Amino acid sequence: MQHIRFSAGGGFAPPPIFVDNVSKTHAGAARPVLDGLTVSCPAGRITVIVGPSGCGKTTLLRCLCGLEPIGSGAIRFGDADVGNVDAQKRGVAMVFQNYALYPSKTVAENIAFPLRMAAVPKAERLRRVEAAARLVRIETLLERVPAQLSGGQRQRVGIARAIVRGPRVLLMDEPLSNLDTKLRVEMRTELALLQRQIGATTVYVTHDQTEALALADHLIILREGAVEQQGAPGDIFRRPASIFVADFLGSMNLIAAEGAGANLRFGDGGEMRLPAGHEIAAGERLILGFRAEDMRVGPPDPRSLCLNADVVRSELLGTDSLVHLSAANQVLRARLAVPVPAGQRLALMVDAEHLHFFSASGRRRSGARDP
Ligand SMILES: Nc1ncnc2c1ncn2[C@@H]1O[C@H](COP(=O)(O)OP(=O)(O)OP(=O)(O)O)[C@@H](O)[C@H]1O
């Protein structure tokens, strides 16, 4: 890729974005789609918004770019309150899931469209279209029409069109979800590199947790129009604030239990010794969580949780196997280096630093020593 700095009129300075206590209710809806939402997106970085279908991701993007008014609260780009600023004047570009290209226009005309709307002179238009096309590696396709392109090429045109004006803020709504898995992974890497080159403050919506973890500098997890957790992706993965987050980013084994001093008691009457420092008051109900990849076969260790589990089924994933287990009246999953035949009993360990303790309400439990 070439090093080209796209500059927006008035100088290029990607702003941080602040969404401050924003609420919005769609006309006729009983509940707000955004409910007192407060998030921030660092300048010049990729913020990824994830959450289940209907949690308000697209609505938030549409509010950021000015296609939807907010009900209350404020949206600021740096120091500027943009809540009442027209979409065209916010310096924002948006890439959609469905490309939204003009079928009768060539690639070059599609990319040039925002420049035409802004009355950019022809010579400057040509220069910018070529530079944007080179950045997304479609410079040899400029004379084709969309029907003559693959899905990946069409999405590149959509991205070139979005960046051609040098936006300070780039919003992307599931831009890769129409592509096959292999192309998606390739494009994800390219997008991350492209974003670093153009430097725009980028807000990226997806419901793919792998994409979210791979792309995000800053991660926001939405649930029913409110923030469930936000922060650095690695921190959120290691210390999910709730069962909802833990299960959304990967899957988590969960076992309901009750404290019994140094032991945990399960519904089937079984008990297991808690690692030192994780004692739970007698009678306290909680939910213990651990990830499949954090279970290991090994000799008992006083600092680890030990589970006796029966193998129900093994599935080869490639380099390792997903082993379905039955333990403490629950179905659990472990990722182990080798497949294990069904019917075998295993002693499985989970090291203390990989245990997550949640209260019965599903929030991360404070009190126990936390890794
Ligand atoms: N114009 C509208 N009028 C009324 N309700 C709407 C409107 N747009 C969206 N909604 C509702 O608001 C909620 C949030 O929609 P939104 O598209 O923001 O969710 P999302 O998180 O992007 O979902 P998905 O992942 O399925 O795209 C949904 O229940 C949706 O039906």
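As the structure is a computational prediction, the values presented were derived from the model and not from experiment. (Residues numbered from 1 in each chain as written. Predicted model: local features only at pLDDT ≥ 70, side-chain atom pairs only at ≥ 80, totals over all residues.)

Below, the discussion takes up the overall build of the chain. The number of helices and strands found in the chain is 8 helices and 20 strands. Dimensions of the chain along its principal axes, counting C-alpha atoms only, are 75 × 45 × 40 Å. Here the chain holds 371 residues, and the buried ones make up 36% of them. (Helix = DSSP H or I, 4+ residues; strand = E, 2+ residues; numbered from the N terminus. Buried ≥ 20, exposed ≤ 12 C-beta atoms within 10 Å, placed from the backbone.)

Interface size is commonly expressed as the accessible area that is lost once the parts come together. Each assigned domain of the chain is listed with its residue range as follows: domain 1 (17-238) and domain 2 (251-257 + 287-359). Averaged C-alpha coordinates put domain 1 and domain 2 at centres separated by 39 Å. (Domains from an automatic or database assignment.)

Our focus in this paragraph is helix H2 (residues 107-117). Of the positions making up H2, those classed as buried are Val-107, Ala-108, Asn-110, Ile-111, Ala-112 and Leu-115. The positive-phi residue at the C-terminal boundary of H2 is Ala-119, with phi of around 55 degrees.

Moving on, we come to the sheet that holds strand E9 (residues 218-223). Taken in spatial order, the 6 strands line up as E6-E7-E8-E3-E9-E10 in an open sheet, and their pairing is mixed. Strands with a single pairing partner mark the edges of an open sheet, and in this sheet they are strand E6 (92-95) and strand E10 (226-231). Neighbour-to-neighbour, the strand axes of this sheet turn through a mean angle of 20 degrees, independent of strand direction. With 5 bridges connecting them, E9 and E10 associate as antiparallel partners. Bridge assignment links Leu-222 to a residue of E10, and that residue is Val-227. The sheet strands contacting helix H4 (residues 151-163) are E6 and strand E7 (169-173), and the helix crosses E6 at an angle near 175 degrees. (Pairing = 2+ DSSP bridges. Axes fitted to C-alpha atoms, helices over the stretch in contact; angles between N-to-C directions. Contact = placed C-beta atoms within 7 Å.)

Before going further, it helps to spend a moment on the sheet that holds strand E4 (residues 72-77). Within a sheet, adjacent strands bond to each other through the backbone by hydrogen bonds, running parallel or antiparallel. The antiparallel open sheet is built from 4 strands, whose spatial order is E2-E1-E4-E5. Both outer strands of the open sheet, strand E2 (34-41) and strand E5 (80-81), are each paired with one neighbouring strand and no more. Two strands pair when backbone bridges link them, and strand E1 (residues 17-24) and E2 are joined in this way by 5 bridges, in the antiparallel orientation. Opposite Lys-24, over in E2, you have Leu-34 as the bridge partner. The sheet contacts of helix H1 (residues 57-65) involve E1, E2 and E4, and relative to E1 the element is tilted by about 115 degrees.

Attention now moves to the site of the ligand. Contacts to the ligand come from His-26, Ala-29, Val-33, Gly-51, Ser-53, Gly-54, Cys-55, Gly-56, Lys-57, Thr-58, Thr-59 and His-207. The residue makeup of the shell around the ligand, split by class, is 3 nonpolar, 8 polar and 1 charged. (Near = placed C-beta within 6 Å. Nonpolar A, V, L, I, M, F, W, Y, C, P; charged D, E, K, R; others polar.)

Here the focus is unusual backbone geometry. In the Ramachandran plot, Asn-21 falls in the positive-phi region, its phi being about 55 degrees despite a non-glycine side chain. As for its position among the elements, Asn-21 is in strand E1. Classification of Asn-21 as partly exposed rests on a count of 13 C-beta atoms within 10 Å. One non-glycine residue, Arg-137, lies in positive phi territory at about 60 degrees.

Turning our attention to the UniProt feature "domain: ABC transporter" (unreviewed entry) in the chain. UniProt tags residues 17-249 as "domain: ABC transporter" (unreviewed entry). Between the end C-alpha atoms of residues 17-249 the distance is 24 Å, and the span holds 36% helix and 24% strand. (UniProt positions renumbered as here; feature names shortened; annotations may be inferred.)

This part takes up the confidence of the model for the chain. Mean pLDDT over the chain: 88, with 95% of residues reaching 70 or higher. Within the chain, strand E3 (residues 46-50) carries the highest mean pLDDT (97), whereas strand E13 (residues 271-273) carries the lowest (77). Note on residues 1-10: pLDDT is under 50 here. Beyond four places in sequence and across chains, it has 19 contacts. A low-confidence stretch, residues 367-371 stays under pLDDT 50, and its non-local contacts, those more than four residues away or across chains, total 6 contacts. Note on the complex model: pTM 0.87, ipTM 0.95. (pLDDT = per-residue confidence, 0-100.)

Moving on, we get to the nonpolar core. The nonpolar side chains of a soluble globular protein tend to be buried with one another. Ranked by internal contacts, the top residues of the largest apolar core, which has 94 residues, are Val-48, Leu-64, Ile-111, Ala-132, Ala-160, Ile-163 and Leu-171. When we break this core down by domain, the ones giving at least three residues each are domain 1 (17-238) and domain 2 (251-257 + 287-359). (Core = buried A, V, L, I, M, F, W, Y, C linked by C-beta atoms within 7 Å.)

Bringing the pairing of strand E14 (residues 285-291) into the picture now. Of the pairings in the sheet, the one linking strand E11 (residues 252-260) to E14 comprises 7 bridges and is antiparallel in character. Opposite Ala-256, over in E14, you have Ile-287 as the bridge partner. Across 4 bridges, E14 lies against strand E20 (residues 356-359) in antiparallel orientation. Paired with Ile-287 across the bridge in E20 is Phe-358.

In the sheet, strand E17 (residues 321-327) pairs with strand E18 (residues 330-336) via 7 bridges, with the strands oriented antiparallel. Paired with His-324 across the two strands is Arg-333, which belongs to E18. Counting the residues in the hairpin turn of E17 and E18 gives 2 residues, including Ala-328, whose phi is positive at 50 degrees.

On to the packing of H2 against helix H3 (residues 122-135). One can describe the packing of H2 onto H3 by two numbers: an axis separation of 9 Å at closest approach and a directional angle of 120 degrees. One way to sum up the angle between H2 and H3 is to call them oblique. As H2 runs across H3, the sense of the crossing is right-handed. Only Arg-125, Arg-128, Val-129, Ala-132 and Ala-133 of H3 make contact with H2, whose side of the interface consists of Ala-108, Ile-111, Ala-112 and Leu-115. Of the residues that constitute the contact of H2 with H3, the class distribution is 7 nonpolar, no polar and 2 charged. (Parallel < 35°, antiparallel > 145°, perpendicular 65-115°, else oblique. Left-handed = near helix turned anticlockwise from the far one by under 90°.)

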